[in-house]
Amino acid sequence: MGATTEERVDHPLFARLYARTAPAEDRRGLAARRAALLRGLAGDVIEIGAGDGRNFAHYPAAVTRVVAVEPEPRLRRLARARAADVPVPVEVVDAVASRLPVDDASLDAAVACLVLCSVGDQEAALNEAYRVLRPGGQLRYLEHVRAPSRGLARVQRAMDATFWPRVAGGCHTGRDTLAAVERTGFAVPAPVTFRFPRLRTPLSFHVLGTAHRPPAVP
Ligand SMILES: C[S@@+](CC[C@H](N)C(=O)[O-])C[C@H]1O[C@@H](n2cnc3c(N)ncnc32)[C@H](O)[C@@H]1O
């Protein structure tokens, strides 16, 4: 399924920059967080906004299938090359978070890694993740979010309202993503919180955790 015109994600400059800088970020500690994000997963999974596919190597062997959604053409090509090189079966598809190409309640887990900052409609993306998960299914997330201090949150607001989304592929530095996950109907146990990089910057404040679509009531 291709992206509709309104949802087209085509950020050639950002895609190039991301593909160039991400390996260094991984070496500085992000790869270990990616591994933690996916640890213990099993069954059928969707990854939303897979980028160049740098999570694929971290999926455990118990994962039977990954549908990796990536709307940006250059990143999708890189992701397809990576998918061919990992033991877990990964299908990379052209689609967007607000319209996932899978049936209702058909998956065991959805993975959102550094993507809920960038989607055009975060509420629609989360509703879709909820829709495709079976009751009891997991949403695994690793996201940078709103800073806890008022000063930095103000800087984030200023960046998000001006240049940042334009230079960073639609990214917003200061979204209150966990509150949005909770509003969608997920159960959200306390996440791991950490700063990456350690310095207090508008992009450092991260959350990593698992939210659940509540089990069906018998
Ligand atoms: C910062 S990159 C992160 C990529 C990858 N998840 C990672 O962890 O390295 C943000 C990704 O979100 C994707 N993206 C942006 N808008 C999207 C949307 N509406 N639906 C799905 N993916 C989207 C971008 O194309 C890009 O691959």
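Thresholds applied
- Along each chain, residues carry numbers from 1 onward, in the same order as the chain's sequence is written.
- In keeping with the predicted nature of the model, local features appear solely for residues at pLDDT of at least 70, side-chain atom pairs appear and are counted solely at 80 or more, and the whole-chain, interface and lining totals rest on all residues.
- As a convention, hydrogens and water are excluded, and side-chain values are obtained from all of the structure's heavy atoms.
- For this description, a residue counts as near a given molecule or strand if any of its non-hydrogen atoms is within 4 Å of it.
- By the criterion applied in these results, polar contacts are pairs of N or O atoms within 3.5 Å in which, for protein atoms, one can donate a hydrogen and the other can accept it, and in which residues neighboring in sequence qualify only through two side-chain atoms.
- Note on conventions: DSSP H or I runs of at least 4 residues are helices, E runs of at least 2 residues are strands, and numbering of each starts at the N terminus.
- The residue classification treats Ala, Val, Leu, Ile, Met, Phe, Trp, Tyr, Cys and Pro as nonpolar and Asp, Glu, Lys and Arg as charged. All others, Gly included, are polar.
- The classification of residues rests on relative accessible area computed with a 1.4 Å probe and restricted to protein chains. Under 20% of the type maximum is buried, over 50% is exposed, and intermediate values are partly exposed.
- Two strands pair under a simple rule: DSSP has to find at least two bridges between them.
- Confidence of the predictor at the level of single residues is given by pLDDT, which spans 0 to 100.
- Residues are treated as being in contact if the distance between any of their heavy atoms lies within 4.5 Å.
- In this text, buried Ala, Val, Leu, Ile, Met, Phe, Trp, Tyr and Cys residues form a nonpolar core when linked through side-chain atoms within 4.5 Å.

Draft legend 1. Molecular detail of the site of the ligand. As a structural note, the neighbourhood of the ligand is formed by 19 residues, with Tyr18, Arg34, Gly49, Glu70 and Cys113 the closest of them. One of the backbone nitrogen or oxygen atoms of Gly49 is found 2.7 Å away from a nitrogen atom of the ligand. The separation between a nitrogen atom of the ligand and a polar main-chain atom of Cys113 is 2.7 Å. The biggest single contributor to the shell around the ligand is helix α1 (residues 12-38), with 3 residues. Among the residues forming the shell around the ligand, the class breakdown is 12 nonpolar, 3 polar and 4 charged.

Draft legend 2. Molecular detail of unusual backbone geometry. Cis rather than trans, the peptide bond between Phe196 and Pro197 has omega equal to 0 degrees. Locating Pro197 in the fold gives a position in the loop between β6 (192-195) and β7 (205-212). Even without glycine at this site, Ala105 takes up a positive phi of about 50 degrees. Along the chain, Ala105 falls in the loop between β3 (90-93) and β4 (107-113). With a phi angle near 55 degrees, Leu114 is a residue other than glycine that sits in the positive phi range. Relative to the assigned elements, Leu114 resides in the loop between β4 and α3 (122-132).

Draft legend 3. Summary view of the pairing of β7. Across the 8 residues that make up β7, a large majority, 6, are buried. Inspection of the sheet shows strand β5 (residues 133-144) paired to β7 by 7 bridges, in the antiparallel sense. Across the sheet, the residue bridging to Glu143 is Val207, located in β7. Two elements, β6 and β7, share 4 bridges in a ladder whose sense is antiparallel. Note that in β7 the partner of Arg195 across the bridge is Phe205.

Draft legend 4. Representation of the confidence of the model for the chain within the structure. Averaged over all residues, the pLDDT of the chain is 95; the fraction at 70 or higher stands at 97%. In the model of the chain, helix α5 (residues 164-167) stands out as the element of lowest mean pLDDT, 95, in contrast to β4, which has the highest, 99. This model gives residues 1-6 a pLDDT under 50, and the stretch forms 10 contacts once residues within four places in sequence are excluded.

Draft legend 5. Local environment of the nonpolar core. Ranked by internal contacts, the top residues of the largest apolar core, which has 29 residues, are Ile46, Leu100, Val102, Leu116, Leu139, Val181 and Phe186. Those elements that place two or more of their residues in this core are β1 (43-48), β2 (63-69), β4, α3, β5, α6 (177-184) and β7. No other element matches α3, which puts 4 residues into this core. The contact partners of Leu100, leaving out residues within four places of it in the chain, are Ile46, Ile48, Val69, Glu128, Ala129, Arg131 and Val132. In terms of nonpolar packing, the next biggest core, distinct from the first, is built from 24 residues, Leu37, Leu41, Tyr59 and Ala83 among them.

Draft legend 6. Structural view of the pairing of β1. Counting buried residues in β1 gives 5 out of 6 residues, a clear majority hidden from the surface. Bridging between β1 and β2 involves 6 bridges; their strand directions are parallel. In the sheet register, Ile48 faces β2, and the bridge partner there is Val69.

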